[in-house]
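# Working through the structure, step by step
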Amino acid sequence: IVTTDSYQLLLSLRRAMEDKDVSKRQSLYSIVGISVCIVLLLLLFFLYLYTYRRKLLDNLRHVLFFSILMAIIVSVAFLVLQYAPIGYIYLIPFAWCPIIARVFYDSRTAIFVHLITVFLVSLVVPAPYIFLFVQALTGIIAVISLRDMTQRAQLAKTAAFIFLSYAVLYTAATMIISGSITDVEYRYYFYFIINAVLVICSYGLIFLFERGFGLVSNITLVELTNVNSNLMLEFAEKAPGTFQHSLQVSNLATEAAKRIGAKVLLVRTGALYHDIG
C-alpha cells in the first residue's frame, strides 16, 4: 500500500535519479568540451611552429622537448588540483616552462609555450580568471627579465621578479573581482615565495634537458669560451700561434655577430675552436 509518506519518498527518489542523470550528461558534455579545447590549443601550438618555426617542427627532437616540458607542468598541475587544496596550484612553478624554453630557444617561442600550458591548466582550475591573469603575465615577465642567461645569478634575479609579479598581480586581480583588499588571502604570498625558490631549482632541469635532447645553453657556451679550461691551456701551450690566431678570429667574429644580430656566444665559441684540430 502506497501511503502519502511513501509516495513522497518515491517522488524524492525520482527527482534524485533525474538530477543524477542530468549531472552525468553535464559531466559528459564538460569532458567533450574540455577535450575539444585541448585539441584546439595543441593544434594552435603546432600551427605556430609550422608558420614561424618550421625547422623546429621538422625535427622530432625539438617537438619532443616541447611536448615533454608542457606535459610535466600540466600533469603536476592536474595532480595538485585532484589531491591538494585549490590554493596549492600557486606552488607549481609554471615559470619553468618559459624559462627552460627561453634558455634553448627564442623569447617568442618561450612565451607561446607558456601561454598554451597555462590555457591547458585553466580549463580545470576553479577560478580561471585570476589564474590566467596572474600566470600569463608572470611568465611574460620571466622571459623579459631572463633574456640570455649566461650566469646562474640571472636565474635568482628572475625568481625575485617572479615573486614580485605574483604578489602584485594576485593582489590586483583580487581587488578587481571583490572590490576590496580585505579578501586577499595572505597565505598565497607564502606560496609565491616557495614558487620563486622552485624557479631557482630549474637550473638542474636545464642541465637534464640539455643532456637529454642534445641542446646547448648559453651557460655551456660561456664555459666553453673560458680560455683557462684544460683544453684551452693545452692549446695555448702546444700551438701558441694558432691559439692567438683563434682568439683574434673569435673577437672579429663576435663583433660581426653583434652587428647582424646573430647568436654572439655561439659564433664566438665556434670561432675559438675552429682550429682546435
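For the structure given in this document, a descriptive report is provided here. What you see is a predicted model; the values in this text were computed from it and never measured.

With that out of the way, let us pick up the overall build of the protein. Counting its regular elements, the protein contains 13 helices and zero strands. Scanning the protein from its N terminus toward the C terminus, one meets helices and strands in the order α-α-α-α-α-α-α-α-α-α-α-α-α. For 277 residues, the compact-globule formula gives about 19 Å, and the C-alpha radius of gyration of the protein, at 26 Å, lies well above that figure. Considered along the principal axes of its C-alpha atoms, the protein spans approximately 110 × 45 × 30 Å. Looking at the 277 residues of the protein, the share that counts as buried comes to 36%. For the protein, the proportion of contacts with a sequence separation of at least 24, taken over those separated by at least 6, is 69%. A total accessible area of about 16100 Å² is found for the protein, and carbon and sulfur atoms account for 66% of it. Taking the average place of the 21 positive charges on the side chains of the protein and the average place of its 15 negative ones, the gap between the two points comes to 5 Å.

In this section: the pattern of salt bridges. Note on pairing: side chains with opposite charge can pair once their charged atoms come close. Taken as a whole and assessed by the stated rule, the structure comprises six salt bridges. Between E185 and R187 there is a salt bridge, with its nearest N and O atoms 2.6 Å apart. The exposure class of E185 is partly exposed, given its relative accessible area of 34%. Judged by relative accessible area, R187 falls into the partly exposed class, the value being 39%.

In protein structure, a disulfide is the covalent linkage between the sulfur atoms of two cysteines. Per the stated rule, a full pass over the model turns up zero disulfides. Left unpaired, C37 is separated from the closest cysteine sulfur, that of C97, by 19 Å. A disulfide-free cysteine, C97 has its sulfur positioned 16 Å from the sulfur of C201, the nearest such atom.

Because an α-helix packs 3.6 residues into every turn, residues spaced three or four apart end up facing the same way. Look at helix α5 (residues 107-122): 22 Å from first C-alpha to last across 16 residues, which is about the 22 Å you get at 1.5 Å a residue. Looking only at α5, the buried set comprises T109, A110, V113, H114, I116, T117, V118, L120, V121 and S122. With a side-chain oxygen lying 3.2 Å from the backbone nitrogen of R108, the N-terminal cap of α5 falls on D106.

Reading guide: rules and limits
- Residues numbered from 1 in each chain as written.
- Predicted model: local features only at pLDDT ≥ 70, side-chain atom pairs only at ≥ 80, totals over all residues.
- Heavy atoms only, no water.
- Helix = DSSP H or I, 4+ residues; strand = E, 2+ residues; numbered from the N terminus.
- Rg over C-alpha atoms; globule rule 2.2 N^0.38 Å.
- Buried < 20%, exposed > 50% of the residue type's maximum accessible area, 1.4 Å probe, protein only.
- Contact = heavy atoms within 4.5 Å.
- Areas by Shrake-Rupley, 256 points an atom, 1.4 Å probe, with all protein chains shown as cover.
- Lys, Arg positive; Asp, Glu negative; His and termini not counted.
- Charge placed at Lys NZ, Arg CZ, Asp CG, Glu CD.
- Salt bridge = Lys/Arg side-chain N within 4 Å of Asp/Glu carboxyl O.
- Disulfide = S-S within 2.5 Å.
- Expected span 1.5 Å × (residues − 1).
- Polar contact = N/O pair within 3.5 Å; in protein donor to acceptor, adjacent residues only side chain to side chain.

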